[in-house]
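Per-entry structural report
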Amino acid sequence: MSVDDRQDDGTGHRSSPTGPRVAPPRQAPSPFAPRPSASPPPTPQRNAASPPRAFRFSLWSIIIFVLLLSSVAIQAYRDLSTPGAWDFWRETYIAASMTSAVIPDVDIDGSGRGRRALAISGKIGSASASWFRDRLSEARLAPGDVVLLSSPGGALNQAAIMGEVIRTRGLVTAVATSDASGKLRPASCASACVLVYAGGQTRYGIAGSRLGVHRFTTSTPVSDPLAEAQRIQGMVLGYMTKMGVSSAIVEAMSQTSDIRWLNPKEALALNLITKPVDRP
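Keep in mind that what you see is a predicted model, and the values were worked out from it rather than measured.

This brings us to the overall build of the protein. When its secondary structure is counted, the protein shows nine helices and 12 strands. Within the protein, buried positions represent 32% of all 280 residues. Pairs at least 24 residues apart make up 70% of the contacts formed inside the protein by residues separated by at least 6 positions.

As structure tokens, this is what we get:
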């Protein structure tokens, strides 16, 4: 090891053997060395005025939801504004216009043979046909069982559908009410109810019960009332003929706009009643 090395104190200063310490010569900085910056580069800042992306997405979701809700509400308003739509909705979802009861054992003709029966009563409404199908399914009636009717009438098209369902299932009809024990009481069936009654494979005429007919009209405004009346008359004629009722019943209907009560002999002559029963 040299004398100069021994005299280096590790601080970069060297001691002269004969004099004071001497600082080493300062080296000039390289022109290629990076220059130190005075301050760190600025951090990018988010613009406080622009909303976050999540908020923009939520706002558009709300707008789309409001537009969809508005379109549904407008369509519902249009549907309920059509004639009879509100009645249909009310009867389907709130309260039916007719009531029903299942009678386990009814002796309809005095033969001693009990039958299961579904007794329906009330006005025939805009949704009565679907209601009637549901009640029949719940009652589990078999062909030959009875539908007891007590109604002032109502919607003509619904009555025709109900009559078709009765005929398809091979059920019989009678105008009467019944208590839980199966005892029959006379009742009335008028207007559109007669179409339901006509659907029976056998139509029993209960003593004291009444069948009433009248001229059918429409409550919906139409451009040609005469053509509409002819259409309704043709529909009723075709339906009654299909059910085996004399076409003369349409003439009986057209004679008055008020209820015309048919006497038992007249109803039998029109083949509206097919099997009279002397006792209720």
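Within the secondary structure, Ala180 is located in the loop between β6 (172-178) and β7 (184-186). Overall, Ala180 belongs to the exposed group, its relative accessible area being 73%. The spatial distance from the C-alpha of Ala180 to the C-alpha of Ile103 is 6.2 Å, given a sequence separation of 77 residues. Other than its neighbours up to four places away in sequence, Ala180 contacts Ile103 and Pro104.

This brings us to the sheet that holds strand β11 (residues 260-262). In space, the three strands of this open sheet follow the order β8-β10-β11, with mixed pairing throughout. Whereas interior strands pair on both sides, the edge strands pair on one side only; in this sheet they are β8 (188-190) and β11. Averaged over all pairs of adjacent strands, the angle between their axes in this sheet comes to 30°, without regard to strand direction. Summarising the sheet, strand β10 (residues 210-213) and β11 pair through three bridges and their orientation is antiparallel. Bridge assignment links Leu211 to a residue of β11, and that residue is Leu262.

Okay, the packing of helix α4 (residues 128-139) against helix α5 (residues 156-168) next. Relative to each other, α4 and α5 sit at 25°, their axes nearing to 8 Å. One finds that α4 runs roughly parallel with respect to α5. You can see that α4 and α5 cross each other, and the crossing is right-handed. In contact with Ser128, Ala129, Phe132, Arg133 and Leu136 of α4, α5 contributes Gln158, Ile161, Met162, Val165 and Ile166. Looking at the contact of α4 with α5, its residues break down into seven nonpolar, two polar and one charged.

The next point concerns the state of the cysteines. Counted by the stated rule, this structure contains one disulfide. With a sulfur-sulfur separation of 2.1 Å, Cys189 is cross-linked through a disulfide to Cys193. With the S-S bond torsion at -115°, the cross-link from Cys189 to Cys193 turns out left-handed. The same class applies to Cys189 as to Cys193, namely buried.

Okay, the layout of surface pockets next. Taken as a whole, the second largest pocket holds about 220 Å³ of empty space. For the second largest pocket, the lining is made up of 19 residues, of which Gly205, Ile206, Ser209, Pro264 and Ile273 are closest to its centre. For the lining of the second largest pocket, the elements supplying multiple residues, two or more each, are β9 (203-206), β10, α9 (264-269) and β12 (275-277). Looking at which element gives the most residues to the lining of the second largest pocket, the answer is α9, with four residues. Residue composition of the lining of the second largest pocket, grouped by class: 13 nonpolar, four polar and two charged.

Before going further, it helps to spend a moment on the packing of aromatic side chains. This model, assessed by the stated rule, comprises zero aromatic pairs. Geometry around Trp261 places Arg210 over its ring, the cationic atom sitting 3.9 Å from the centre.

In this section: the nonpolar core. By size, the foremost hydrophobic cluster in this structure holds 47 residues, and its most contacted members are Ile120, Phe132, Val147, Leu211, Met240, Ile249 and Leu272. Counting only elements with at least two residues in this core, the list comes to β4 (115-122), α4, β5 (146-150), α5, α6 (193-198), β10, α7 (225-242) and α8 (248-254).

Moving on, we get to α5. With 13 residues, α5 extends 19 Å between its outermost C-alpha atoms, agreeing within 8% with the 18 Å of an ideal straight helix rising 1.5 Å per residue. Those residues of α5 lying buried are Leu156, Gln158, Ala159, Ala160, Met162, Gly163, Val165 and Ile166. With its phi angle positive at about 70°, Gly170 sits one or two positions after the end of α5.

With that out of the way, let us pick up the pairing of β4. Relative to β4, strand β3 (residues 98-106) runs antiparallel, the two being bridged by seven bridges. Opposite Ala101, over in β4, you have Ala119 as the bridge partner. The handedness of the β4 to β5 crossover, carried by α4, is right-handed.

At Arg140, a position not held by glycine, the phi torsion is positive, near 55°. Not every positive phi belongs to a glycine, and Ser191 is a case in point at roughly 55°.

Their axes nearest at 12 Å, the elements α5 and α7 cross at an angle of 15°. As judged from the angle between their axes, α5 and α7 are roughly parallel. The chirality of how α5 crosses α7 is left-handed. When α5 is examined against α7, the residues Leu156, Ala159, Ala160, Gly163, Glu164 and Arg167 are found in contact with a partner set consisting of Ile232, Met235, Val236, Tyr239 and Lys242. Here the residues of the contact of α5 with α7 sort into seven nonpolar, one polar and three charged.

About the thresholds
Going along each chain's sequence as written, the residues are numbered from 1 onward. Selection of residues for local features in this predicted model requires a pLDDT of at least 70, selection of side-chain atom pairs for listing and counting requires 80 or more, and totals for whole chains, interfaces and linings are taken over all residues. Side-chain calculation: all heavy atoms of the structure are included, whereas hydrogens and water are not. The way it works is that DSSP assigns letters per residue, a run of H or I at least four long becomes a helix, a run of E at least two long becomes a strand, and they are numbered from the N terminus. Each residue is assigned to one of three classes by its accessible area relative to the maximum for its type, calculated with a 1.4 Å probe on protein chains only: buried under 20%, partly exposed between the two thresholds, exposed over 50%. Throughout, a contact is declared for two residues whenever any of their heavy atoms are within 4.5 Å. What makes two strands pair is DSSP finding at least two bridges between them. Helix axes use the C-alpha atoms of the stretch in contact, all axes being lines fitted to C-alpha atoms, and the angles between their N-to-C directions lie in the range 0 to 180 degrees. In these notes the angle categories are as follows: under 35 degrees is roughly parallel, over 145 is roughly antiparallel, 65 to 115 is roughly perpendicular, and the rest is oblique. Here a crossing is called left-handed whenever its near helix is offset anticlockwise from the far helix by less than a right angle, and right-handed whenever the offset is clockwise. Charged means Asp, Glu, Lys or Arg here, nonpolar means Ala, Val, Leu, Ile, Met, Phe, Trp, Tyr, Cys or Pro, and polar covers whatever is left, Gly included. Here, two cysteine sulfur atoms that lie within 2.5 Å of each other are counted as a disulfide. Using a grid of 1 Å spacing that covers the protein atoms alone, one calls a set of points a cavity when a 1.4 Å probe fits there but cannot get out, and a pocket when the set is open and has protein on both sides within 12 Å along at least five of seven lines; lining residues are those with an atom within 4 Å of a point. Grid points are joined across faces, edges and corners, and a volume is the space filled by probe spheres set on the points. Two rings from Phe, Tyr or Trp (for Trp, the six-membered ring) form a pair when their centres are within 6.5 Å of each other. A pair whose planes differ by under 30 degrees is stacked, one over 60 is edge-to-face, and the rest are tilted. Both a distance and an angle decide whether a charge sits over a ring: NZ of Lys or CZ of Arg must be within 6 Å of the ring centre and within 35 degrees of the ring normal. Throughout, nonpolar core names a set of buried Ala, Val, Leu, Ile, Met, Phe, Trp, Tyr and Cys residues whose side chains join them through atoms within 4.5 Å. By this rule, a helix spans an expected 1.5 Å times one less than how many residues it contains. By convention, a crossover is right-handed whenever its connection, traced from the first strand over the helix to the second and viewed with the strands pointing away, goes clockwise.

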